[in-house]
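Analysis of the macromolecular model
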Amino acid sequence: MLSIPGGSPRTPDVRVGPVDLAARVDEALAVQALAFGLSDDEIEVRRHIVLRHLLLRGSRALGATTVAGRLVGFVYGLPNDRAHWWSTVVEPYLRTTGSEDWLVDSFVITELHVHPEFQARGIGRALITTITDSAGEPKSILSAIDIESPARRLYRALGYTDLARQVHFPSAPKPYAVMGAPLPLRRAGGAEN
């Protein structure tokens, strides 16, 4: 378990470690809704998706919790399977950029979110580096909204580079970028998420 010191009663100490995400899915989605701006309908759709993902082979989750047990961040991912929906959507974009090999033998970061009150303390960095450190794959891939954001800056600082941009997922209002990094992730730099 990794401990991240707090700065005030509003942002107390946080611990990063394994979490039973299926049991805490509603708490996790509440964090995601705040961090990502989801409607109630989107939360309900994502609830079923998260629970289904957690049943897949190799799926792992970590949580960031306060000493009192409040979930303030989470990450989950799994080894990529080219038959999974996400892979089938991004594959044509990666093929266009000559990056299709990133779909083989890689660990996918499916979701990573930190409550807005707890961002910029290194929690996102701790979550993603801890989960990828335990991956058996030599590389990691993820998708992020294709805008300059603190999340994209964090991913770049960790060694992720753009593999494809302007990736359109069905029903997503904004395009995404697919990013990849060799593992282990880079450790230099400050806390950004």
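Relevant structure appears above.
What you see is a predicted model, and the numbers here were worked out from it, not measured in a lab. (Residues numbered from 1 in each chain as written. Predicted model: local features only at pLDDT ≥ 70, side-chain atom pairs only at ≥ 80, totals over all residues. Heavy atoms only, no water.)

Some details on the overall build of the protein chain
Within the protein chain, the secondary structure is distributed over 5 helices and 8 strands. Start at the N end of the protein chain and walk to the C end: the helices and strands fall as β-β-α-α-β-β-α-β-α-β-α-β-β. Computed over its C-alpha atoms, the radius of gyration of the protein chain comes to 16 Å, within 12% of the 16 Å expected for a compact globule of 193 residues. Each principal axis of the C-alpha distribution contributes one length, and for the protein chain these read about 50 × 40 × 30 Å. Across the 193 residues in the protein chain, those meeting the buried criterion constitute 49%. Of the contacts formed within the protein chain by residues at least 6 apart in sequence, a portion of 68% connects residues at least 24 apart. Total accessible area on the protein chain stands at roughly 9200 Å², and carbon and sulfur atoms take up 56% of it. The protein chain carries 21 positive and 21 negative side-chain charges, and their two centres are separated by 4 Å. (Helix = DSSP H or I, 4+ residues; strand = E, 2+ residues; numbered from the N terminus. Rg over C-alpha atoms; globule rule 2.2 N^0.38 Å. Buried < 20%, exposed > 50% of the residue type's maximum accessible area, 1.4 Å probe, protein only. Contact = heavy atoms within 4.5 Å. Areas by Shrake-Rupley, 256 points an atom, 1.4 Å probe, with all protein chains shown as cover. Lys, Arg positive; Asp, Glu negative; His and termini not counted. Charge placed at Lys NZ, Arg CZ, Asp CG, Glu CD.)

Some details on the pairing of strand E3 (residues 60-66)
Most of E3 is tucked away: 6 of the 7 residues are buried. Relative to E3, strand E2 (residues 14-18) is paired through 5 bridges, and the arrangement is antiparallel. When the sheet's bridge partners are listed, Gly17 is paired in E3 with Gly63. Of the pairings in the sheet, the one linking E3 to strand E4 (residues 71-79) comprises 6 bridges and is antiparallel in character. Opposite Ala64, over in E4, you have Gly73 as the bridge partner. Counted along the chain from E3 to the antiparallel partner E4, the turn is 4 residues long, and its residue Gly69 has a positive phi close to 95°. (Pairing = 2+ DSSP bridges.)

A short note on the nonpolar core
Among the nonpolar cores identified, the biggest contains 28 residues, and Ile109, Ile123, Leu127, Ile128, Leu142, Tyr155 and Tyr160 are the most heavily contacted of them. Among the elements of the structure, E2, E3, E4, strand E5 (106-114), helix H4 (123-133), strand E6 (139-145), helix H5 (150-157) and strand E8 (176-182) are those that each provide at least two residues to this core. No other element matches the 5 residues that H4 contributes to this core. Aside from chain neighbours lying at most four places away, what touches Tyr160 is Ile109, Ile128, Thr132, Ser140, Ile141, Leu142, Tyr155, Met179, Gly180, Ala181 and Leu185. Counting residues in each nonpolar core, the second largest holds 15 residues, with Val89, Val90, Trp102 and Leu163 among its members. (Core = buried A, V, L, I, M, F, W, Y, C linked by side-chain atoms within 4.5 Å.)

Digging into the layout of surface pockets
Computed from the structure, the largest pocket encloses a volume of approximately 1500 Å³. Around the largest pocket, the lining comprises 49 residues; the ones closest to its centre are Gln32, Phe36, Arg46, Glu111 and Tyr176. Every element with two or more residues in the lining of the largest pocket is listed here: helix H1 (25-36), helix H2 (40-53), E4, helix H3 (85-96), E5, E6 and H5. Residues that form the lining of the largest pocket fall into these classes: 29 nonpolar, 13 polar and 7 charged. (1 Å grid on protein atoms, 1.4 Å probe; cavity = no way out; pocket = protein on both sides within 12 Å on 5 of 7 lines; lining within 4 Å. Points joined across faces, edges and corners; volume = space filled by probe spheres on them. Nonpolar A, V, L, I, M, F, W, Y, C, P; charged D, E, K, R; others polar.)

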